[in-house]
Amino acid sequence: MILCGSPHPVFDRKTSIVSKYISELDDCEKLFIPMHDECPGHWYLCVIDFKNSYTQILDSLRSKNRDKFRFQSVKTVAEFCQTFFKLYDIGKDVFQFSIDWAPSIPTQENGWDCGVHVIRHMQRFKNGDPMTSSDFCNSMEIRREIACDLVLHKGNREKQTIVAIVCTKTSTRAMKKLLL
C-alpha cells in the first residue's frame, strides 16, 4: 500500500504511534536494515548513512554467486526507503547515495554465525567503531551477551517471566555455567 501512494490510515504521519518513529527518522544519522538472502539462508546488513551520504553492505560471508543479488536487494530496499521518506515528508534523499561493500570486515568462520555478525555490526558500527576479527573470536560468548542484553533490558516486559522460567527449569549448577 505504501508504494502505491495510498497508505492505510494507521500509517498516517499524525497517528501517535507512527509519528513517534517518523519524527525519530527525521533526526536519524544511520539506518540499519538486516537483510536476508533465502538461497543460502544468510543474513547481512545494509547501513544507510545519512550523515555521510552513502549506503554500505556489511556481509560476513560474501559470495561471488550471490553478490549481484544482494547488491540489487539493497538497492531495492534503498528505493523503498526513498519512497517511504517522500510519502511521509521526511527530509532524506538516498537516491544520490552510492552503494558499496564495506571494506575489510571480519568474515565468519562457519555457516551459522551470520546473525551474530549482523547484530555485532549494528552494535559497533552505530558509533563508527572499526570492526576487528577479535570482536567475533568467541561467538558463543557473543550469543550469551546478546541474549542477556535482550532478556535483561529495562524495556523487556517479559523479563520477570523469562527469568522465572529459566530459574525453575535450570539447576543451580547449570545456571552458574549458563551465566559464566
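Residues numbered from 1 in each chain as written. Predicted model: local features only at pLDDT ≥ 70, side-chain atom pairs only at ≥ 80, totals over all residues. Heavy atoms only, no water.

Caption draft 1: Focus on the overall build of the protein chain. Tallying secondary structure elements over the protein chain gives six helices and four strands in all. Reading the helices (α) and strands (β) of the protein chain from amino to carboxyl end gives α-β-β-β-α-β-α-α-α-α. Counting every position in the protein chain, which comprises 180 residues, the buried fraction comes to 34%. For the protein chain, the computed accessible surface area is about 12000 Å², with 57% contributed by carbon and sulfur atoms. (Helix = DSSP H or I, 4+ residues; strand = E, 2+ residues; numbered from the N terminus. Buried < 20%, exposed > 50% of the residue type's maximum accessible area, 1.4 Å probe, protein only. Areas by Shrake-Rupley, 256 points an atom, 1.4 Å probe, with all protein chains shown as cover.)

Caption draft 2: Layout of unusual backbone geometry. Even without being a glycine, S53 presents a positive backbone phi close to 60°. Here S53 lies in the loop between β2 (42-49) and β3 (54-58). Take S53: its relative accessible area is 39%, and that puts it in the partly exposed class. At S104, a residue that is not glycine, the phi angle is positive and equals roughly 40°. Structurally, S104 can be placed in the loop between β4 (98-101) and α3 (114-125).

Caption draft 3: Up close: the packing of α3 against helix α4 (residues 139-152). Interhelical geometry of α3 versus α4 gives an angle of 65° and a closest axis separation of 11 Å. Classified by the angle their axes make, α3 and α4 are roughly perpendicular. Of the two elements, α3 crosses α4, and the hand of that crossing is left-handed. Contacts between α3 and α4 pair V116, I119, R120 and Q123 from the former with I142, R143, E145, I146 and D149 from the latter. When the residues that make up the contact of α3 with α4 are grouped by side-chain class, the tally is four nonpolar, one polar and four charged. (Axes fitted to C-alpha atoms, helices over the stretch in contact; angles between N-to-C directions. Parallel < 35°, antiparallel > 145°, perpendicular 65-115°, else oblique. Left-handed = near helix turned anticlockwise from the far one by under 90°. Contact = heavy atoms within 4.5 Å. Nonpolar A, V, L, I, M, F, W, Y, C, P; charged D, E, K, R; others polar.)

Caption draft 4: Quick peek at the confidence of the model for the protein chain. Summing up the model confidence of the protein chain, the mean pLDDT is 80 and the portion of residues at 70 or higher is 76%. Of the regions scoring below 50 in pLDDT, residues 1-10 engages in 14 contacts with residues more than four places distant in sequence or in other chains. (pLDDT = per-residue confidence, 0-100.)

Caption draft 5: A look at the nonpolar core. With 22 residues, the main nonpolar core has L31, I48, F50 and F85 as its most contacted residues. Counting only elements with at least two residues in this core, the list comes to α1 (16-26), β1 (30-37), β2, α2 (67-87) and β4. It is α2 that provides the largest number of residues to this core, a total of five residues. Judged by nonpolar contacts, the second largest core, of seven residues, contains L45, V47, L58 and V118. (Core = buried A, V, L, I, M, F, W, Y, C linked by side-chain atoms within 4.5 Å.)

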